[in-house]
Amino acid sequence: MSASYLEANARERIVQLFDPGSFTELLPPTQRVVSPHLAQLDAPVSFDDGVVVGQARLDGMAVMAAAQEGGFMGGAVGEVHGAKLVGLLHRAIGKKVDGVVLLVESGGVRLHEANAGLIAVSEVMRAVLEVRAAGIPVVVLVGGANGCFGGMGIVARCADAVIMSEQGRLAMSGPEVIETANGVEEFDSRDRALVWRTTGGKHRYLMGDAQALVADSIAAFRGAAIQALRQAGPSGLTLQGLQAEQAMLQQRLERFGDAIDPQDIWRAQGVAAPQDLAMLEAEQFVNTVDPHRVRLKGTI
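Residues numbered from 1 in each chain as written. Predicted model: local features only at pLDDT ≥ 70, side-chain atom pairs only at ≥ 80, totals over all residues. Heavy atoms only, no water.

J.: Whenever I open this one, unusual backbone geometry confuses me. Can you help?
T.: Residues other than glycine predominantly adopt negative phi, and peptide bonds predominantly adopt the trans conformation. Phi angles above zero are rare outside glycine, and Asp-49 is one such case at about 55°. Residue placement: Asp-49 occurs in the loop between helix H2 (36-40) and strand E2 (51-58). Given a relative accessible area of 0%, Asp-49 falls into the buried group. In the Ramachandran plot, Met-73 falls in the positive-phi region, its phi being about 55° despite a non-glycine side chain. (Helix = DSSP H or I, 4+ residues; strand = E, 2+ residues; numbered from the N terminus. Buried < 20%, exposed > 50% of the residue type's maximum accessible area, 1.4 Å probe, protein only.)

Printed below as a string of structure tokens:
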């Protein structure tokens, strides 16, 4: 049985996701490139600053890869962490690789170095778009325990494709942030079922925010990443593409703006018993909802 993606750390995911022995790390822990801000605050540091970057092969394709370590500050982005990602993306353009694969697990920006982290995330976004403009596809994998939130949630949606497991979560603001800002009446972060049916992989797949939903295994993520890179077409970075995306978002608000619960959205898409559908395994779920998902994409 393949190893769980959820339970693995960043380095375990890297080793098992890419072709055996093909990953070469850039700025490894031995070089001790750490955040100066954390040291000044007497906060713990990590010798890779919570992100593993390097080059590898995926089914023979040359790729640049990065994996955020959720076990260090929840994968949050700081100045050095972000700079490593930006450098990797620029290197992808220089080397004209076949693709970029980002294993994202992040709660957002570190409060310890908020301004530097925010700037770093904006630079990562720009670099992702530069990579795509150069004709290199960018694929994001989301299946870690910390989800993909904040600035990295935006980064993920800048990519060509997002691949998620049911256990993964994707959103701009995390449940605790929403509850703190607007109260428990707005969002009860303790309601785990609500959290997952709002930000989880199944909902994101049905809404078209994720292009693939896979089981919680590194092998499943590997297979989906290979397929996404092989099938990647021309970049959608055109004025017409952006206008179409904006129109889609506007129509989504008009159609689902009054929904109280994500299950209301599922019902509006023709899903008869969303409470039962949510219990299906990933492959069963995909096979069951694809007709509804196609109709959604055709109308929004």
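J.: Whenever I open this one, the environment of Asp-19 confuses me. Can you help?
T.: By the element assignment, Asp-19 lies in the loop between helix H1 (10-17) and strand E1 (24-26). A residue is classified by how much of its surface remains accessible, and Asp-19, at 15% relative accessible area, is buried. Taking C-alpha positions, Asp-19 is 9.3 Å from Met-61, a pair spaced 42 residues apart along the chain. Those residues in contact with Asp-19 that sit more than four places away from it in its chain are Arg-57, Leu-58, Asp-59, Gly-60 and Arg-222. A distance of 2.8 Å separates a polar side-chain atom of Asp-19 from the backbone nitrogen of Asp-59. (Contact = heavy atoms within 4.5 Å. Polar contact = N/O pair within 3.5 Å; in protein donor to acceptor, adjacent residues only side chain to side chain.)

J.: Help me out: how do you make sense of the sheet that holds E2 in this one?
T.: Strand pairing in a sheet relies on backbone hydrogen bonds, with the paired strands running either antiparallel or parallel. Taken together, the seven strands give an open sheet; going across it, the order is E1-E2-E3-E4-E5-E6-E7, and neighbouring strands pair in mixed fashion. On the outer flanks of this sheet lie E1 and strand E7 (212-214), each paired with one strand and no other. Strand-to-strand twist of the sheet, defined as the mean angle between neighbouring strand axes without regard to direction, takes the value 25°. In terms of strand pairing, E1 meets E2 through three bridges, oriented antiparallel. Opposite Glu-25, over in E2, you have Gly-54 as the bridge partner. In the packing of helix H9 (residues 218-231) onto the sheet, the strands contacted are E2, strand E3 (61-68), strand E4 (99-103), strand E5 (138-142), strand E6 (161-165) and E7, and the crossing angle to E6 comes to about 165°. (Pairing = 2+ DSSP bridges. Axes fitted to C-alpha atoms, helices over the stretch in contact; angles between N-to-C directions.)

J.: I tried to follow the packing of aromatic side chains on my own but got confused; where do I start?
T.: The description of an aromatic ring pair rests on the distance of the ring centres and on the angle between the ring planes. With the rule as written, the count across this model stands at two aromatic pairs. Here Trp-266 and Phe-285 contribute two aromatic rings whose centre-to-centre distance is 5.7 Å and whose plane-to-plane angle is 55°, an arrangement assigned as tilted. Residue Trp-266 is located in helix H11 (residues 262-268), and its partner Phe-285 is located in helix H13 (residues 282-299); the two are separated by 19 residues in the primary sequence. When its relative accessible area of 0% is taken as the criterion, Phe-285 is described as buried. Seen from the ring of Tyr-5, Arg-13 lies directly overhead, with NZ or CZ sitting 4.4 Å from the centre. (Phe/Tyr/Trp six-rings, centres within 6.5 Å; stacked < 30°, edge-to-face > 60°. Lys NZ or Arg CZ within 6 Å of the ring centre and 35° of its normal.)

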